[in-house]
Amino acid sequence: RADAPQRATQLFTDMIKTDPDIMQLRFIDREGNERIRIDRSRTGELTLIKGKRLQNKAHRDYFQTFIALKPGEISFSNFDLNIENKKVQRPFNPTLRAGAVVSVNGQKAGLIVVNYYMREWLERFVSNDFGDLYLVDEENFFLLHPDPRWAWSRYHLPQKKASDFLEHTLLSALFGETAQPYWVDERTYTVPLNFFGKKLAAVYRFSQAPSESYNTRVAIFSLLLLLMLILFLIPTVSLLRHYIRNIRDERGRALDAKSYVETLLNSTFDAIITIDQHGIIQSVNRVAVTLFGYKEEEFIGQNVKMIVPPPHHDKHDGYIASHDRSIISKVIGQERELFGRHKDGRLIPISLGITQMYVKDKLHFLGSIRDLSDEHLTQKLFQRVFSKAPLGIALALPDGTFWQINQAFADTVKYTPQELRTLNFQKITHPDDLQADLELVQKTARKEIDGYQLEKRYITKDGDCVWVHLTVSPIFSDDQKSEVEYFIAMIEDITERKSMITELSRTQEGLMEAERVSKLGHWDWDIKNGTLQWSEGMLRLFGETQDSFGHTYEAFLNLVHPDDRDVLTAEVTSALDAHLLLDTHYRIITPSGEEKHIHALGHIDYDQAIPVRMFGTCQDITTLYTLQKKEQQQEMMLLQQSKLAAMGEMLGAIAHQWRQPLNSIGLIIQDLVSAHRYGELDEAYFKSSQDDMMQQLHYMSNTIDEFRNFFTQSNQLKSVAIPALIEEIRSLYWAQLNAHNIRLKLYFQTGEKRIEEGEDDTPPMERYSVTNYPAEIKQLLLNLIVNAKEAIEKVQNPHAAQLQIDLIIASHSEGVTVEVKDLAGGIDPDVAQRIFEPYFTTKEMGTGLGLYIAKTLVDETLKGQLSYTLREEDIDGKPYRGAIFSVTLPHLQ
């Protein structure tokens, strides 16, 4: 049913309300998960536990016991304290759990577990009119004690044993299968109990020695007490009184007290041996028989030194005979760890507690012996974990002296563990860190803090410093934390981490200095929240302070030059919308009125395509901007000089071209003078001479027009055929080339085929057109042709192939590529990569600006590419080398 959980919860609530002794009622599923849980507080308030507060109990012993039950069976857990989240609940809350399986359709669905309050019920047993009642478990720990400080002594630190308190009580065999009640002395009586599956011993210490007949009554009382413990829900005090009255009326049903005590002794987990004042064994329990390998009859009447190994074996009788107050104070009531001797001669690690008692005015001793073999294994495991732990661990006494040290701790400070035990932490702590460490130790000892963590330095044995992260926790001598018994110190070597942090700090300082030197700052704009954070470098850059600077985008815009605000805003918006890196340049006006040029870069973070953050850098480029302006002016001057140089080349070419027509005109004039002298000058002769001179003058005029138009198309984008521009250069420069017998040949590259100009399949010129700046292209190509001509002029005894300059034109989608090739030797490969640098030249009288200007012209104006490669060819079996300058000219819009 859908409402089953609610109905079950209501049922649980009704159940817990009916019984005030129920502390907790739960339903736990088959996996150990609490599904329904209702808690009752000490004030009686009920709380339904929900959500994350519900726990998994699969690891608990009672769950594993209950889940194995058959349907209809009910079982009880061991009697113990309540544990929540793997911690004992404080103040101590004795608890008894009852459990039963819940079945659905024949399948186990889970458990119902009931936790009962036991504190008040147990306290009623402790307080009685006969004397004191002690309840001891099979490990010699108190469960009940008239003094609350000793109750549940297992959970106190340090742990307290029954033998530590009951100085005149020797616990006999109370936990064996045939355990019987036993009179320890005239006023002390022990009874074995089986309390809900947990073996216990009840010890009664009467205020006065009871009569012999009363002893029998007490024995009966012990049996009835056991029944009351099992039926704990019956009102206890009245039941006790009722049974005591019955004891007085039923003497005939009394059992022998001695057999009860023997049963009690045989029910303990410890070996119990009683001896007289001469060391003769009077009684032993089953555990002693099992532990030492002797039969009971082999024990009785023998000297106890039979189980004492050398060197104490021969001296043991003397110890007993010479017992006095000092020995009693050191031995009686104290627990000592030593070795016992087995029948087969092997040594057994044991814990021995001795109590003295008087039986019929004669002194006897009772020894409670616990086998420590398993504890030694546990100690070995602890020592193994302690010694092999990767972290350094040390136990230090309150004065700082090292008590226990593992190898990792010793290795960290480069001492041996033995050497450290002669030192204290003060002696190996760096002086600059000692005071802070001591103050924290004192605060911990005063319980002002629960412990502390500290980064400090130790001085190693060889004098070096090692940085550690120290964690210190105190261990107190008792639950009241009256004093610190020792400290647990754990260290982690962080020397490398500290070095990295120091280096990082140094790097950050270097970055801050670099920001200052480079006039750089960084910023972070939280677009979502509308806040803008600036680094110190940014504040310094903008002439602002943290107080004066507004941390908003609008406040930032107020610092931007008014003429640049709209442009900057548009660029920021465009970058945000297009998911692009912000790369912009703008001006600011500082509070002092200074104008600065700023270059900004910004990266943008998005959350589902929505910009949420932009962060980046700003750099003051005012000086660089000024230098660039000057450099641009200088480049313009260089370009102008280059143009003038090209004009000089062209004027030289015109001069070559004008020599022949001028010579022709001179000869015609001389011929007219001669014809006039000899009377041959008539109108027809004069008209013929006039026509010849006008033809020469017309040629000269066309040459001047071509020169004038050569550089008049600058700064004008125009679609122009590259072959036509080359023809213009050749028509003006042919005389210079002819003067040195140099041929200028033009080729067209179409795929893999190369066609020479003038052949039948020469492609149309329009195919090699490009939209660009014609005058600058002619200036560039002329520069490259002149360089090739000058290189050819230097060749000694040139081969015919070396007296030729090849121009190869190729068309592609991006534009046109022109290669200018020669075989005049090329450029030394060692310096070829520097030919485009300013003021670098391979010519004896060169300025080093020709190719630099050509490269600048291509990059800045024509927006193309200029490169150089070495040309190598074999002609008539002989290798030749030359230069290839490749120019790629794109279409410009």
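Now for a quick tour of the structure. Sequence order sets the numbering: in each chain, residues are counted from 1 along the sequence as written. Where local features are concerned, this predicted model is filtered to residues with pLDDT of at least 70; where side-chain atom pairs are given and counted, the filter is 80 or more; whole-chain, interface and lining totals use all residues. Only hydrogens and water are set aside; all other atoms, that is, all heavy atoms of the structure, feed into the side-chain values.

### Examining helix α16 (residues 431-445)
The line we're drawing: Numbering of helices and strands runs from the N terminus, with a helix taken as a DSSP run of H or I at least four residues long and a strand as a DSSP run of E at least two residues long. How far a helix is expected to stretch is found by multiplying one less than its residue total by 1.5 Å. Here the term buried applies to any residue with accessible area under 20% of the maximum for its type, exposed to any over 50%, and partly exposed to those in between, with areas from a 1.4 Å probe on protein chains only. Working definition: the arc comes from the directions between the helix axis and the C-beta atoms, pointing outward to the latter. The contact rule is simple, with two residues in contact once any of their heavy atoms fall within 4.5 Å.
The terminal C-alpha atoms of α16 lie 22 Å apart, and with 15 residues this matches the ideal 21 Å at 1.5 Å per residue to within 8%. Within the sequence span of α16, burial applies to Asp433, Asp437, Val441 and Thr444. Here the buried residues of α16 occupy an arc of 75 degrees about the axis, which is enough to place them on one side. Residues of α16 that are exposed and point over 90 degrees away from its buried face: Pro431, Asp432 and Gln435. Buried residues belonging to α16 abut α15 (425-428), β22 (452-459), β23 (465-476) and β24 (484-493). Looking one or two residues beyond α16, the residue adopting positive phi is lysine 447, at roughly 65 degrees.

### Some details on unusual backbone geometry
For lysine 414, which is not a glycine, the phi torsion comes out positive at approximately 65 degrees. Among the structural elements, lysine 414 can be located in the loop between α13 (407-413) and α14 (417-420). At histidine 579, a residue that is not glycine, the phi angle is positive and equals roughly 60 degrees. Among the structural elements, histidine 579 can be located in the loop between α20 (562-578) and β27 (582-589).

### Some remarks on the nonpolar core
Selection criterion: Only buried residues count toward a nonpolar core, which is a set of Ala, Val, Leu, Ile, Met, Phe, Trp, Tyr and Cys residues joined through side-chain atoms within 4.5 Å.
Core analysis: the largest hydrophobic core is formed by 48 residues, its most contacted members being Ile722, Ile805 and Phe885. Elements with a minimum of two residues in this core: α23 (722-739), β31 (743-750), α24 (774-793), β34 (804-812), β35 (815-821), α25 (850-862), β36 (865-875) and β37 (878-890). At nine residues, the largest contribution of residues to this core is made by α24. Counting 26 residues, the second-largest nonpolar core is a separate cluster that includes Trp523, Trp525, Leu539 and Ile588.

### Some details on the pairing of strand β9 (residues 107-117)
Formally: Strands were regarded as paired on the criterion that DSSP finds at least two bridges between them.
The sheet contact formed by strand β1 (residues 22-29) and β9 spans seven bridges and is antiparallel. Each residue of the ladder has a partner; that of leucine 25, found in β9, is valine 114. Here ten bridges tie strand β8 (residues 94-104) to β9, and the two strands are oriented antiparallel to one another. Across the sheet, residue arginine 97 finds its bridge partner in β9, namely asparagine 115. If you look at the hairpin formed by β8 and β9, you'll find two residues sitting between the two strands, and asparagine 105 has a positive phi there, around 55 degrees.

### Topic: the side chain of histidine 364
Using the following cut-off: Whenever a nitrogen or oxygen atom comes within 3.5 Å of another N or O atom, the pair is scored as a polar contact, on the condition that within protein one atom can donate a hydrogen and the other can accept it, and that pairs from neighbouring residues in sequence are kept only if both atoms are in side chains.
Positionally, histidine 364 belongs in strand β19 (residues 362-371). Only 3.1 Å separates the side chain of histidine 364 from the backbone oxygen of lysine 362, close enough to count as a polar contact. Those residues within four positions of histidine 364 in sequence are excluded, and the remaining contacts are Ile275, Asp276, Gln282, Thr355, Gln356, Met357 and Val359.

### Quick notes on the pairing of strand β10 (residues 131-137)
The buried fraction of β10 is high, at six of seven residues. In terms of strand pairing, β10 meets strand β11 (residues 142-144) through two bridges, oriented antiparallel. Counted as the bridge partner of valine 136 is phenylalanine 142 from β11. With antiparallel pairing between neighbouring strands as the criterion, β10 and β11 make up a hairpin whose turn holds four residues, including asparagine 140 at a positive phi of roughly 70 degrees.

### Considerations on the sheet that holds strand β18 (residues 347-359)
As a reminder, the rule being used: Note on geometry: axes are lines fitted to C-alpha atoms, helical ones only across the stretch in contact, with angles between N-to-C directions running from 0 to 180 degrees.
Read across the sheet, five strands follow the order β16-β15-β19-β18-β17 without closing on themselves; strand pairing throughout is antiparallel. Of all strands in the sheet, those with a lone pairing partner are β16 (281-284) and β17 (335-341), marking the two edges. Across this sheet, the average inter-strand angle for adjacent strands is 35 degrees, counted without regard to direction. Pairing of strand β15 (residues 271-276) with β16 involves three bridges; the strand directions are antiparallel. Residue pairing for β16: isoleucine 275 is matched across the bridge by isoleucine 281.

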